[in-house]
Amino acid sequence: MDEMEEELKCPVCGSFYREPIILPCSHNICLACARNILVQTPDAESPQSSRASGSGVSDYDYLDLDKMSLYSEADSGYGSYGGFVSAPTTPCQKSPNGVRVFPPTVPQPPPQQHLLPQPGSLPPIPRNSCITCPQCHRSLILDDRGLRGFPKNRVLEGVVDRYQQSKAAALKCQLCEKSPKEATVMCEQCDVFYCDPCRLRCHPPRGPLAKHRLVPPAQGRISRRTSPRKISTCTEHELENLSMYCVQCKMPVCYQCLEEGKHGTHEVKALGAMWKLHKGQLSQALNGLSDRATEAKEFLVQLRNTVQHIQENGVEFEACLVAQCDALIDALNRRKAQLLSRVNKEHEHKLKVVRDQISHCTVKLRQTTGLMEYCLEVIKENDPSGFLQISDALIRRVHMTESQWGKGTLTPRMTSDFDLTLDSGPLLQTIHQLDFVQMKVPAAPMLQLEECCTQNNSATLSWKQPPLSTIAVEGYILELDDGNGGPFREVYVGIETICTVDGLHFNSTYKSRVKAFNASGVGQYSKTLIMQTSEIAWFTFDTASAHPDIIFSNDNLTVSCNSYDDRVVMGNSAFSRGVHYWEMTVDRYDNHPDPAFGIARGDVLKDVMLGKDDKAWAMYVDNNRSWFMHNNSHTNRTDGGISKGSTIGVLLDFTRRIIIFLINDEQQGPVAFEGLEGVYYPAISLNRNVQVTLHTGLPIPDFYTPGEADPTGSVC
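Keep in mind that what you see is a predicted model, and the values were worked out from it rather than measured. (Residues numbered from 1 in each chain as written. Predicted model: local features only at pLDDT ≥ 70, side-chain atom pairs only at ≥ 80, totals over all residues. Heavy atoms only, no water.)

The three strands are arranged β9-β8-β10 in an open sheet whose pairing can be described as antiparallel. Two strands close off the open sheet at either side, each with one partner strand: β9 (192–194) and β10 (214–215). Bridge analysis of strand β8 (residues 185–187) against β9 gives three bridges, and the strand direction is antiparallel. Note that in β9 the partner of C187 across the bridge is V192. (Pairing = 2+ DSSP bridges. Helix = DSSP H or I, 4+ residues; strand = E, 2+ residues; numbered from the N terminus.)

This is how it looks when you write it as structure tokens:
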């Protein structure tokens, strides 16, 4: 009820309504506050003001806004309309709610006589007083009745009273002698508040007291303090009760109002009937408003969740951005180190070449200088014969040395410039262009119904993106339920738009849906597609899991063996739900072998007779009798064997969790095995003396009545 509190406060004083009156604009105001905001107009009357003051027209004609309403033309909230005269400019004050309050312009009585008016009586109102609604700012010049011409809002007054009482302190028990406890009930007949111990002691629920009505304390306080409902009286005829309702004027009236002809041509209805009618209309309107309020609450919850998600996503996105930028910086630093290494290698190479050339030239120059000094000393000698003995050799040496200083010898082998230029322009441009890509999650895919189908216990689904969707898709997620109304589970994740799901249950209804995803997230699901798998199982022998000695023919429906030892072969479909029946015809039967027929787990041994291990449940049979076998345990020997042309039937019922065997359409022995649960494959074992042909898609034998489905049945 805390949200209702603002509805119960006066817009002028900001406190709970006290003696509220209803203005013609349907807004409410305290009676005392209404007097405080009265403003006196000049003593000039106009035809319009005459209509507003005792001209015989109801004050509720004020609702005709085109004729009688005054609209604010300035910030003061006052203006003129038709013949109305604008109210004089008056200093204004502010109420606690921020509404302007205009003090009256009439002379004020002495302070000692300024008393609050008693309820039901008001001091005289100056002529031509004007009141302005503090909420819609519409103005009205009062008639001779003044504020008494406005009806009192007793309903609002009662609501305010109940609300204030509900907020009051807890009531105490009236019978506790010391330290009264908090009252828990109130007896309407005794008019006494009781705590639980006093109620049990003083007001036991038996005898005459058993018929007393006990109510909660708050309700009892209201019923105690609330006086009987007062009968409303007419504002114009105070001695007359309001008993009728004028539909056109939308106001209660009395019989005298009708006799005076004020509402003679109007439609008038009984007050009680209109009261019930308007209550029903208000209740109906509240239902719609309640729905909108519920939607608004849900929307607010959604918005609050959005705020939380934004905060969480903001933190996550910021961390991701920092990580990406750090990764770029790390990559740039690694590249920087690689480039610096290349520069260092080039630097070392240049230094080595120049230093080698310096060393070579230094040695050569030393040799040349030594030769030159030696030749100069030889020239100084005065021995012609001795000079001529060595002159030819020296001349050759000088020419040879000179030729060694030929072209290119005195040219630097390496320049001081580094012929490397870092091409950073594209990278800088890329960095400047680095920005966020506004990628959205993909739209919901569309299932292509014309390409979706089921075959046996497989389902093929195809989908595509909406034609107008341009959002990038990185993959799809296909989900199916368990065929029994259970939760969805992922069966495919990838980029393909078509998928075939194998290994489903026979005679089951599956729901499927698909959604797309990209780097921004996962999109919405497509519409749910319901598919029905085959009611009857069609299958063949499985070449992939069979023993290598098994020989297949007739499109994998006929099998034989090239070994004298028993070898196992299974069907290519598994069962875990429903009722299934298949048959095998003996095409060749030599030397009285004993083939075995039954069911097995996927990891059954393939090189022994079916039923030798704990992964198979079988019936093996020769030409005279049969036995049931599981985990090498032989039971239920039954007379009756097989021969060429015999038919062996296998009936697997998961509703009862049993398996039954038939030979030539007659049940062979009792129920072979019970309590079957899980996934099973049809299976047989045979040797080279037997050839068998499989027949599937057969109806259940007429003699057998399937049981009720087990709600705890296994799921594949």
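Quick look at a nonpolar patch on the surface now. Side chains of L332, L427, L428 and I431 sit close together on the surface and give an oily, nonpolar patch of about 350 Å² of accessible area. The greatest single-element share of the nonpolar patch, amounting to three residues, is contributed by helix α10 (residues 425–432). For L427, the location among the structural elements is in helix α10. A relative accessible area of 41% places L427 in the partly exposed class. (Patch = residues over 30% accessible without salt bridge, like charges linked within 9 Å, V, L, I, M, F, W, Y side chains within 5 Å. Areas by Shrake-Rupley, 256 points an atom, 1.4 Å probe, with all protein chains shown as cover. Salt bridge = Lys/Arg side-chain N within 4 Å of Asp/Glu carboxyl O. Buried < 20%, exposed > 50% of the residue type's maximum accessible area, 1.4 Å probe, protein only.)

Direction vectors running N to C along helix α8 (residues 271–379) and helix α9 (residues 384–404) enclose 155 degrees, while the axes themselves pass 11 Å from each other. As far as their axial angle goes, α9 and α8 are roughly antiparallel. As α8 packs across α9, the resulting crossing turns out to be left-handed. Of α9, the residues touching α8 (which contributes K364, T368, L371, Y374, C375, V378 and I379) are F387, I390, L394, R397, V398, T401 and Q404. (Axes fitted to C-alpha atoms, helices over the stretch in contact; angles between N-to-C directions. Parallel < 35°, antiparallel > 145°, perpendicular 65-115°, else oblique. Left-handed = near helix turned anticlockwise from the far one by under 90°. Contact = heavy atoms within 4.5 Å.)

The next thing to look at is the side chain of N518. Topologically, N518 is positioned in strand β20 (residues 509–518). There is a polar contact of 2.8 Å between the side chain of N518 and the backbone oxygen of K440. One polar contact links the side chain of N518 to the main-chain amide nitrogen of S520, over a distance of 2.9 Å. (Polar contact = N/O pair within 3.5 Å; in protein donor to acceptor, adjacent residues only side chain to side chain.)

Our focus in this paragraph is the packing of aromatic side chains. According to the stated counting rule, one finds 13 aromatic pairs in the structure shown. Seen from their ring centres, F539 and W582 are 5.9 Å apart, and the 80 degrees between their planes marks the pair as edge-to-face. Here F539 is found in the loop between β22 (529–532) and β23 (550–553), whereas its partner W582 is found in strand β26 (residues 579–589), with 43 residues between them in sequence. Judged by relative accessible area, W582 falls into the buried class, the value being 1%. Ring geometry for W617 against Y680: centres 5.3 Å apart, planes inclined by 85 degrees, an arrangement best described as edge-to-face. (Phe/Tyr/Trp six-rings, centres within 6.5 Å; stacked < 30°, edge-to-face > 60°.)

With that out of the way, let us pick up the sheet that holds strand β27 (residues 596–600). Read across the sheet, six strands follow the order β25-β35-β27-β28-β29-β30 without closing on themselves; strand pairing throughout is antiparallel. In this open sheet, the two strands that pair with only one neighbour each are β25 (567–570) and β30 (633–639). Strand-to-strand, the axes of this sheet are offset by a mean angle of 20 degrees, without reference to chain direction.

Here the idea is simple: oppositely charged side chains can pair when their charged atoms come close. Across all of its chains, the model carries 15 salt bridges by this definition. The salt bridge involving D196 is made with R199; its shortest N-O contact spans 3.7 Å. Of this pair, D196 and R199 are both found in helix α5 (residues 196–202), three residues apart, which corresponds to roughly one turn of the helix. Overall, D196 belongs to the partly exposed group, its relative accessible area being 36%. We note a salt bridge from E677 to R657, for which the minimum N-O separation is 3.7 Å. Highlighted residues: E677 in the loop between β34 (673–674) and β35 (681–686) and R657 in the loop between β31 (647–653) and β32 (658–663), separated in sequence by 20 residues. A relative accessible area of 19% places R657 in the buried class. A single salt-bridge network, built from bridges that share partners, covers E479, R513 and K515.

This part covers the pairing of strand β36 (residues 690–695). Here is the key point about a regular strand: its side chains alternate between the two faces of the sheet. By the bridge criterion, two bridges tie strand β24 (residues 558–561) to β36 in an arrangement that is antiparallel. In the strand pairing of β36, V559 is matched with V692.

Turning our eyes to something else, we now look at the nonpolar core. W582, I659 and I684 are the most contacted members of the largest nonpolar core, which totals 37 residues. If one sorts the elements of this core by residue count, β26 sits on top with four residues. Not counting chain neighbours up to four residues away, the residues in contact with I659 comprise I599, V650, L651, L652, V671, A672, F673 and L676. Core analysis: the second largest hydrophobic core is formed by 25 residues, L31, L140, F150 and V159 among them. (Core = buried A, V, L, I, M, F, W, Y, C linked by side-chain atoms within 4.5 Å.)

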